[in-house]
Amino acid sequence: MDLHELFPDDFVFENEAAAATGVPGTVIRQWARRGKIRRFPGRPSEYAGNGHEFTTMYALPEIEARAATYRPTPQRRPKAA
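Caption draft 1: Examining the sheet that holds strand S1 (residues 11–13) more closely. In spatial order, the strands read S1-S3-S2; together these three strands make up an open sheet with antiparallel pairing. At either margin of the open sheet sits one strand with a lone partner, and together these are S1 and strand S2 (39–41). Between one strand and the next, the sheet's axes are offset by a mean angle of 50 degrees, whatever the strand orientation. Inspection of the sheet shows S2 paired to strand S3 (residues 56–59) by three bridges, in the antiparallel sense. Within S3, the position partnered with Phe40 by the bridge is Met57. The strands that helix H1 (residues 14–21) touches are S1 and S3; relative to S1, the one it contacts most, it runs at about 100 degrees.

Caption draft 2: Highlighting helix H2 (residues 25–33). Looking at H2, one finds that the buried residues are Gly25, Val27, Ile28, Trp31 and Ala32. Viewed end-on, H2 has its buried residues packed into an arc of 160 degrees, placing them on one side of the element. Seen from the open side of H2, the exposed residues pointing more than 90 degrees away from its buried face are Thr26 and Arg33. Looking one or two residues past H2, Gly35 carries a phi angle of roughly 85 degrees, positive in sign.

Caption draft 3: Expanded view of the nonpolar core. Val12, Ala17, Val23, Val27, Ile28, Trp31, Ala32, Ile37, Tyr58, Leu60, Ile63 and Ala67 together form the largest nonpolar core, which totals twelve residues. Among the elements of the structure, H2 and helix H3 (60–67) are those that each provide at least two residues to this core. Sequence-distant contacts of Val23, defined by excluding residues within four places in its chain, comprise Ala18, Ile28, Trp31, Ala67 and Tyr70. Counting six residues, the second largest nonpolar core, distinct from the first, contains Leu6, Phe13, Met57 and Ala59.

Caption draft 4: Layout of the packing of aromatic side chains. In total, this model carries two aromatic pairs according to the counting rule given. On the numbers, 6.0 Å between centres and 80 degrees between planes, the contact of Trp31 with Tyr70 is edge-to-face. Separated by 39 residues along the polypeptide, Trp31 in helix H2 and Tyr70 in the segment after H3 bring together distant segments of the chain. Positioned over the ring face of Trp31 is Arg66, at 5.1 Å from the centre of the ring.

The rules behind the values
- Residues numbered from 1 in each chain as written.
- Predicted model: local features only at pLDDT ≥ 70, side-chain atom pairs only at ≥ 80, totals over all residues.
- Heavy atoms only, no water.
- Pairing = 2+ DSSP bridges.
- Helix = DSSP H or I, 4+ residues; strand = E, 2+ residues; numbered from the N terminus.
- Axes fitted to C-alpha atoms, helices over the stretch in contact; angles between N-to-C directions.
- Contact = heavy atoms within 4.5 Å.
- Buried < 20%, exposed > 50% of the residue type's maximum accessible area, 1.4 Å probe, protein only.
- Arc of directions from axis to C-beta.
- Core = buried A, V, L, I, M, F, W, Y, C linked by side-chain atoms within 4.5 Å.
- Phe/Tyr/Trp six-rings, centres within 6.5 Å; stacked < 30°, edge-to-face > 60°.
- Lys NZ or Arg CZ within 6 Å of the ring centre and 35° of its normal.

Here it is, written out as structure tokens:
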């Protein structure tokens, strides 16, 4: 997806992207760290709205494209004490 194909409404904070796609925020940050999706600087006049000041925004169409093939990995069963 090219940058000129995105609209200002396509940029969302991590918590909004997680709510819209069902992908956890940690996975979204991991995709950005690995270069699979791009991160953008947030607008200083706008905050995430959940008590935290997230300054990184992501393009929702990029996350939705990757979320289509996302499958959560089952975690290990806790060991008995």
